[in-house]
Amino acid sequence: MMKKYLDVRPSSIKAKVVALPAVNPVIIIIKAVLLSALVALVWVLSTSLVLASGDKIMGSWVTPDDKAVVEIYQQDGKYFGKFMSLKEPLYPVGDKSGLDGQVKVDRNNPDATKHTQPIIGLVMLNGMEYAGQKKGKHQWKGGTIYDPGNGKAYKCTIKLNADGTLDLRGYIGISLFGRSQTWRAQQ
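Residues numbered from 1 in each chain as written. Predicted model: local features only at pLDDT ≥ 70, side-chain atom pairs only at ≥ 80, totals over all residues. Heavy atoms only, no water.

*Asks:* How would you summarise the pairing of strand E7 (residues 166–171) if you had to cite specific residues and measurements?
*Replies:* Summarising the sheet, strand E6 (residues 152–160) and E7 pair through 6 bridges and their orientation is antiparallel. The residue of E7 that forms the bridge with Thr157 is Arg169. Counting the residues between successive antiparallel strands, the hairpin from E6 to E7 contains 5 residues, one of them, Gly164, with a positive phi of roughly 90 degrees. With 6 bridges joining them, E7 and strand E8 (residues 178–185) adopt antiparallel strand pairing. Bridge pairing in E8 links Arg169 to Ser180. Two successive antiparallel strands, E7 and E8, enclose a turn made up of 6 residues, where Gly173 displays a positive phi of approximately 75 degrees. (Pairing = 2+ DSSP bridges. Helix = DSSP H or I, 4+ residues; strand = E, 2+ residues; numbered from the N terminus.)

What follows is the structure in structure tokens.
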């Protein structure tokens, strides 16, 4: 039994040449400009949605036991927080530092030049970046939180809960080794 094969030698192939219409270079440029404009518009809209979500953290927040009010604000795409008021803004009578009745200052800061800086107005939350949503909670990462009580800065994460409270976690190294606080919005 003999098999037949298709003859594909060049002499057996007959090609038909089809002429393509001429393309106007102006049309190509217009299409490229419109496509670029569309891409830019999509980028601007998506960026503004992300920034709007990140801005949910902005405002005045009360720390546990009403010890302080912290104002969180945005600057250059990052979020910062500073002390706006303290429950006890003055050192108590008989304070071991001898600062009885004076305004509380950042006396535990490792930088001695900052020991006279008042706590009110001190930026204690630095460089937080909006990290999107995870499990329905908005999150901020990449910054630090400073504790004037011991003069130390810690890595920080923040989560916005469904009830409108903030969960802050300050830690060294990995999040497992740290402590958490819940802040509520100031009324």
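*Asks:* Would you mind going over the sheet that holds E8 in detail, with residue names and values included?
*Replies:* Here 8 strands make up a closed barrel; going around it, the order is E1-E2-E3-E4-E5-E6-E7-E8 and the pairing antiparallel. Each neighbouring strand pair of the sheet contributes to a mean axis angle of 30 degrees, computed without reference to strand direction. Pairing of strand E4 (residues 123–134) with strand E5 (residues 137–147), which is carried by 7 bridges, proceeds in the antiparallel orientation. Residue Lys134 lies in a different strand from E5, and its bridge partner there is Lys137. (Axes fitted to C-alpha atoms, helices over the stretch in contact; angles between N-to-C directions.)

*Asks:* Can you explain the side chain of Thr157? Please cite residues and give values.
*Replies:* Within the element layout of this structure, Thr157 appears in strand E6. Accessibility expressed as a relative area gives 17% for Thr157, which makes it buried. Those residues in contact with Thr157, other than ones at most four positions away along the chain, are Met128, Trp140, Lys141, Asp167, Leu168, Arg169 and Tyr171. (Buried < 20%, exposed > 50% of the residue type's maximum accessible area, 1.4 Å probe, protein only. Contact = heavy atoms within 4.5 Å.)

*Asks:* Residues and numbers for the packing of aromatic side chains, please.
*Replies:* For the structure shown, the criterion picks out 2 aromatic pairs. With a centroid separation of 5.9 Å and an interplanar angle of 25 degrees, the aromatic rings of Tyr73 and Phe80 are classed as stacked. Tyr73 sits in the partly exposed class, given a relative accessible area of 22%. The lysine or arginine in question, Lys82, covers the ring of Tyr73, its NZ or CZ lying 5.8 Å from the ring centre. (Phe/Tyr/Trp six-rings, centres within 6.5 Å; stacked < 30°, edge-to-face > 60°. Lys NZ or Arg CZ within 6 Å of the ring centre and 35° of its normal.)

*Asks:* Help me get a handle on the layout of surface pockets, residues and values and all.
*Replies:* Gaps left between atoms show up when a probe the size of a water molecule is rolled over them. Put simply, the largest pocket is a space of about 820 Å³. Around the largest pocket sit 32 residues that line it, and Lys67, Phe83, Asp147, Pro148 and Gly149 are the ones nearest its centre. When contributions to the lining of the largest pocket are tallied by element, the ones reaching two or more residues are strand E3 (78–86), E5, E7 and E8. Across the lining of the largest pocket, the residue classes break down as 17 nonpolar, 6 polar and 9 charged. (1 Å grid on protein atoms, 1.4 Å probe; cavity = no way out; pocket = protein on both sides within 12 Å on 5 of 7 lines; lining within 4 Å. Points joined across faces, edges and corners; volume = space filled by probe spheres on them. Nonpolar A, V, L, I, M, F, W, Y, C, P; charged D, E, K, R; others polar.)

Without other data, these values stay purely geometric and don't point to any function.
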